[in-house]
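Close look at the chain arrangement
Take a look at the letters that make up each chain.
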Amino acid sequence: QVQLVESGGELVQAGGSLRLSCAASGRTLSNYDMGWFRQAPGKEREFVAAIRWSDITTSYSNSVKGRFTISRDNAKNTVYLQMNSLKPEDTAVYSCAARAASVMIRTSPSQYNYWGQGTQVTVSS
C-alpha cells in the first residue's frame, strides 16, 4: 500500500506561482509512476502531469504545458508540481496518484491505483 499526502495548495493571484508536494509513505516511490490530476467543481477529474519512475519521461496536458513542471525526489519519496503563470481556470482540487511502474506514461485516472486526499488551489483574477 502507498499512502499519499498532498500539500501546498492555497489562494493565489493570477500570474502567481505555487509548488505542490505529494509525500508518500508505506512504499518507496522509486518503483511507481506518479501523476497529478485536478478536479474543478462540476467537472470531471482531468489529467495534469505525470512522470515515470525513472524520471526520464514526463507528460503534460496541453492546458498546462509550458507553465507547470512535474518532478520527483525518490530519496525524499516526494513528487512536486511547480505551477507558474497561474490562471483562474487552474482553480481546482489537485490530487497526486501512483501506479506501478510501466513502460508508458498513463494519463487516465482509472489507470492509477493510489490517491491522495487532494489540496485546494484557488487562483483569483
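Note: the structure precedes this text.
Let us look at the structure shown here.

Cut-offs used in this document
Residues numbered from 1 in each chain as written. Predicted model: local features only at pLDDT ≥ 70, side-chain atom pairs only at ≥ 80, totals over all residues. Heavy atoms only, no water. Buried < 20%, exposed > 50% of the residue type's maximum accessible area, 1.4 Å probe, protein only. Helix = DSSP H or I, 4+ residues; strand = E, 2+ residues; numbered from the N terminus. Pairing = 2+ DSSP bridges. Contact = heavy atoms within 4.5 Å.

What about the pairing of strand β7 (residues 68–73)?
Walk down a regular strand and you will see the side chains alternate between the two sheet faces. Residues Phe68, Ile70 and Arg72 line the buried face of β7, whereas the alternating positions Thr69, Ser71 and Asp73 sit on a face that is not buried. Bridge analysis of β7 against strand β8 (residues 78–83) gives six bridges, and the strand direction is antiparallel. Looking across to β8, one finds that Phe68 is bridged to Met83. Hairpin remark: β7 followed by β8, antiparallel, with four residues in the connecting loop; positive phi at Asn77, about 55°.

Section: the environment of Ile105
Along the chain, Ile105 turns up in the loop between β9 (92–100) and β10 (114–115). Sequence separation between Ile105 and Gly35 is 70 residues, and the spatial gap between their C-alpha atoms is 9.0 Å. Ignoring any residue separated from it by four or fewer positions in sequence, one finds Ile105 in contact with Ala50, Ile51, Arg52, Thr57, Thr58 and Ser59.

So, the pairing of β9
Where burial is concerned, most of β9 is hidden: seven out of the nine residues are buried. Looking at chain direction, strand β4 (residues 32–39) and β9 are connected through eight bridges and run antiparallel. Bridged to Phe37 within β9 is Ser95. Inspection of the sheet shows β9 paired to strand β11 (residues 119–124) by three bridges, in the antiparallel sense. Among the inter-strand pairings, Ala92 is bridged to a residue of β11, identified as Val121. Where β9 meets β10, two bridges bridge the pair, whose relative direction is antiparallel. Bridging across to β10, Ala98 finds its partner in Tyr114.

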